[in-house]
Amino acid sequence: MRDTESAGIDIGAAMAEGWAIYKREPLLLSSATLLLLVINTIATNIPFLNMVLYGPMLTGLYILVMRVARGERVSFGGFFDGFRLFFVPTVLASVVTSLLITLGILLLVLPGIYLALAYGFTYLYIVDRQLDFWPAMEASRKTITAHFWQYLLLALLFLVICLLGAIPFGLGLLVAMPLCMAAQYCVYRDLTAGDAVLSD
């Protein structure tokens with residue numbers, strides 16, 4: 001296993017590669033993002049539905065990003081692979097991470113913020129390593145904790161990009177969100193390349 005503490009996060013390179021990935025399939029990635037945002041907006045008005053749908057939808061968008069990055073054939077139907085292939089672990093991951101983050105915020109705020117960041121690779125681990133929800137959450141937490149301050153800067157950059165994207169009636173999110181997810185995948189890929197799953 002590669003020593004994850006010895007590698008760093010190159011934020012500039014990740015954003016540049018994320019943009020390059022987006023430009024390969026801009027219509028596909030923006031269309032899938034639009035569908036996610038529309039469904040998510042509707043689901044937020046129905047108790048618990050958003051918690052069930054969000055994980056598989058976000059996973060579906062990650063699947064498209066990963067396939068584009070790897071030069072694989074992609075189609076809009078791939079968005080629904082989050083439901084078809086990973087429904088149970090992604091729903092459980094969404095529910096459990098939400099509960100733990102909420103509990104952390106209610107207790108002391110900072111633990112909740114930490115967990116919100118630390119679980120950032122959970123869906124990627126579920127797809128890429130075929131992990132169940134809890135091993136994926138733990139692998140994400142350990143990988144990101146080893147680079148926490150760099151990852152915090154990356155997350156703040158993602159936040160600024162998405163906030164700016166939301167200003168013109170939210171239309172900019174159709175680019176900002178897949179761009180940030182592509183950059184997130186690049187960081188995940190670089191930090192975990194050649195690693196065994198962090199299960200200790």
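A brief report on the enclosed structure follows. For every chain, the first residue of its written sequence is number 1, and the numbers climb from 1 along that sequence. pLDDT decides what is reported in this predicted model: residues at 70 or higher carry local features, side-chain atom pairs at 80 or more are listed and counted, and totals for whole chains, interfaces and linings draw on all residues regardless. No hydrogens and no water enter the side-chain calculation; it runs on all heavy atoms of the structure.

Turning our attention to the layout of surface pockets. Residues are said to line a cavity or pocket when one of their atoms sits within 4 Å of a point; the points come from a 1 Å grid over protein atoms alone, cavities being sets where a 1.4 Å probe fits but cannot get out and pockets being open sets with protein on both sides within 12 Å along at least five of seven lines. Grid points are joined across faces, edges and corners, and a volume is the space filled by probe spheres set on the points. Estimated volume of the largest pocket: approximately 1100 Å³. Forming the walls of the largest pocket are 32 residues, and the residues nearest its centre are Tyr 54, Leu 58, Tyr 62, Ala 116 and Gly 120. Only DSSP runs of H or I covering at least 4 residues are called helices, and only runs of E covering at least 2 are called strands; the numbering of each starts at the N terminus. Going through the elements one at a time, α2 (26-43), α3 (49-69), α4 (81-107), α5 (110-118), α6 (122-128), α8 (148-166) and α9 (173-192) are the ones with two or more residues in the lining of the largest pocket. Looking at the lining of the largest pocket element by element, the count peaks at eight residues for α8. Taken together, the residues that form the lining of the largest pocket break down as 24 nonpolar, eight polar and no charged. Asp, Glu, Lys and Arg are counted as charged, while Ala, Val, Leu, Ile, Met, Phe, Trp, Tyr, Cys and Pro are counted as nonpolar; the rest, among them Gly, fall into the polar class.

Within this document, salt bridges are pairs made up of a side-chain nitrogen of Lys or Arg and a carboxyl oxygen of Asp or Glu, the two lying within 4 Å of each other. Tallied over the full model, the rule gives seven salt bridges. Residue Arg 84 pairs with Asp 81 through a salt bridge whose shortest N-O separation is 3.0 Å. Residue Arg 84 and its partner Asp 81 are located together in helix α4, separated by three residues, close to a single helical turn. Here Glu 138 makes a salt bridge to Arg 141, at a shortest N to O gap of 2.8 Å. Placement of the pair is Glu 138 and Arg 141 together in helix α7 (residues 133-145), with a separation of three residues, close to one helical turn.

Now for the packing of aromatic side chains. Here a ring pair, both rings aromatic, is described through the centre-centre distance and the interplanar angle of the planes. Aromatic rings from Phe, Tyr and Trp, with only the six-membered ring used for Trp, were paired whenever their centres fell within 6.5 Å, and each pair was classed as stacked if the ring planes differed by under 30 degrees, edge-to-face if by over 60, and tilted otherwise. Overall, the coordinates contain 11 aromatic pairs when judged by the stated rule. Between the aromatic rings of Tyr 114 and Phe 148, the centroid separation amounts to 5.7 Å while the plane-to-plane angle is 45°, which identifies the pairing as tilted. Of this pair, Tyr 114 sits in helix α5 while Phe 148 is found in helix α8, placing the two residues 34 residues apart along the sequence. The buried label goes to any residue with under 20% of its type's maximum accessible area, the exposed label to any with over 50%, and the partly exposed label to all in between, with areas taken from a 1.4 Å probe on protein chains only. Residue class for Phe 148 comes out buried when judged on its relative accessible area of 16%. Following the ring pairs from residue to residue traces out a cluster consisting of Phe 121, Tyr 125, Tyr 151, Tyr 185 and Tyr 188.

Let us look at the packing of α2 against α3. To obtain an axis, a line is fitted to C-alpha atoms, over the contacting stretch when the element is a helix, and the angle between two such axes runs from 0 to 180 degrees between their N-to-C directions. Two elements in contact, α2 and α3, have axes whose closest approach is 10 Å; the angle formed by their N-to-C orientations is 175°. By the criterion of interaxial angle, the relationship of α2 to α3 is roughly antiparallel. Contacts from Leu 28, Leu 29, Ala 32, Thr 33, Leu 36, Ile 39, Asn 40 and Ala 43 of α2 reach α3 at Leu 49, Asn 50, Leu 53, Tyr 54, Met 57, Leu 58, Leu 61, Leu 64 and Val 65. The class makeup of the residues in the contact of α2 with α3 is 14 nonpolar, three polar and no charged. In what follows, roughly perpendicular refers to angles from 65 to 115 degrees, roughly parallel to angles under 35, roughly antiparallel to angles over 145, and oblique to any angle outside these ranges. Contacts: residue pairs with any heavy atoms within 4.5 Å of one another.

By themselves, these observations are geometric and do not establish any function.
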